[in-house]
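The lines below spell out each chain.
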Amino acid sequence: VDGPDEVDRLEGPPDGERMVGVWAWVDEQEGVIRQRVFAPGIGIAEDEATGTAALRLSAMLDRAIDIRQGRDSRIVARPVVEGMVEVGGRVELDEVRAYPG
């Protein structure tokens, strides 16, 4: 979307999407991004920190990024070699979920 304020204003996934990441540059030169990931299709209204989304976005942009996600999580990702991306960061515990299985 056009800016981080637009990401912050979202009250849920746009257009009823079942799984979507919405992001905008905070500082393109420095690689800082504001992102929120909504996944009601798998029972998660909003994911506080999504490493998989960070991996895909870094690969798509083909550059290192520093993502501010959820309320207080930070994820960094960077392409390394031959289509591989590494990811790390710190996350804010939002809730504990139990999954059957």
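Coordinates for the structure precede this section.
Residues numbered from 1 in each chain as written. Predicted model: local features only at pLDDT ≥ 70, side-chain atom pairs only at ≥ 80, totals over all residues. Heavy atoms only, no water.

1. With respect to the overall build of the protein
Next, step 1: A tally of helices and strands in the protein yields two helices and six strands.
Next, step 2: Reading the protein from its N end, one meets helices and strands in the order α-β-β-β-α-β-β-β.
Next, step 3: Across its three principal directions, the C-alpha atoms of the protein cover 35 × 35 × 25 Å.
Next, step 4: Within the protein, the fraction of its 101 residues that count as buried is 30%.
Next, step 5: Excluding contacts between residues fewer than 6 apart, the proportion of contacts in the protein whose partners are at least 24 apart in sequence is 35%. (Helix = DSSP H or I, 4+ residues; strand = E, 2+ residues; numbered from the N terminus. Buried < 20%, exposed > 50% of the residue type's maximum accessible area, 1.4 Å probe, protein only. Contact = heavy atoms within 4.5 Å.)

2. Thoughts on the packing of aromatic side chains
Any pair of aromatic rings gets described here by the distance separating the centres and the angle formed by the planes.
Next, step 1: Under the criterion given, the structure shown has one aromatic pair.
Next, step 2: Pairing Trp 23 with Trp 25 gives two aromatic rings, centres 5.4 Å apart and planes at 85 degrees, and the pair type is edge-to-face. (Phe/Tyr/Trp six-rings, centres within 6.5 Å; stacked < 30°, edge-to-face > 60°.)

3. A few points about the pairing of strand 5 (residues 73-79)
Next, step 1: Relative to strand 5, strand 4 (residues 65-69) is paired through five bridges, and the arrangement is antiparallel. Residue Asp 66 lies in a different strand from strand 5, and its bridge partner there is Val 76.
Next, step 2: Connecting strand 4 to the next strand, strand 5, in antiparallel fashion are three residues, including Gly 70 with a positive phi near 60 degrees.
Next, step 3: Bridge count between strand 5 and strand 6 (residues 85-90): six bridges; the pairing is antiparallel. Counted as the bridge partner of Arg 78 is Glu 86 from strand 6.
Next, step 4: Hairpin remark: strand 5 followed by strand 6, antiparallel, with five residues in the connecting loop; positive phi at Glu 82, about 40 degrees. (Pairing = 2+ DSSP bridges.)

4. What to know about the environment of Ser 58
Next, step 1: Tracing the backbone through its elements, the reader meets Ser 58 in helix 2 (residues 51-61).
Next, step 2: Of the residues examined, Ser 58 reaches a relative accessible area of 0% and is grouped as buried.
Next, step 3: For Ser 58 and Asp 15, which are 43 residues apart along the polypeptide, the C-alpha to C-alpha distance reads 24 Å.
Next, step 4: Here the side chain of Ser 58 touches Arg 63 through a polar contact of 2.9 Å, landing on its backbone oxygen. (Polar contact = N/O pair within 3.5 Å; in protein donor to acceptor, adjacent residues only side chain to side chain.)

5. Notes on the nonpolar core
Next, step 1: Formed by Ile 33, Ala 54, Leu 57, Ile 65, Ile 67, Ile 75 and Ala 77, the largest nonpolar core amounts to seven residues.
Next, step 2: Elements represented by at least two residues in this core include exactly helix 2, strand 4 and strand 5.
Next, step 3: If we skip the residues at most four places from it in the chain, Ile 65 touches Trp 25, Gly 31, Ile 33, Ala 54, Leu 57, Ser 58, Ile 75, Val 76 and Ala 77.
Next, step 4: Val 20, Val 22, Ala 24 and Phe 38 belong to the second largest nonpolar core, which has five residues in total. (Core = buried A, V, L, I, M, F, W, Y, C linked by side-chain atoms within 4.5 Å.)

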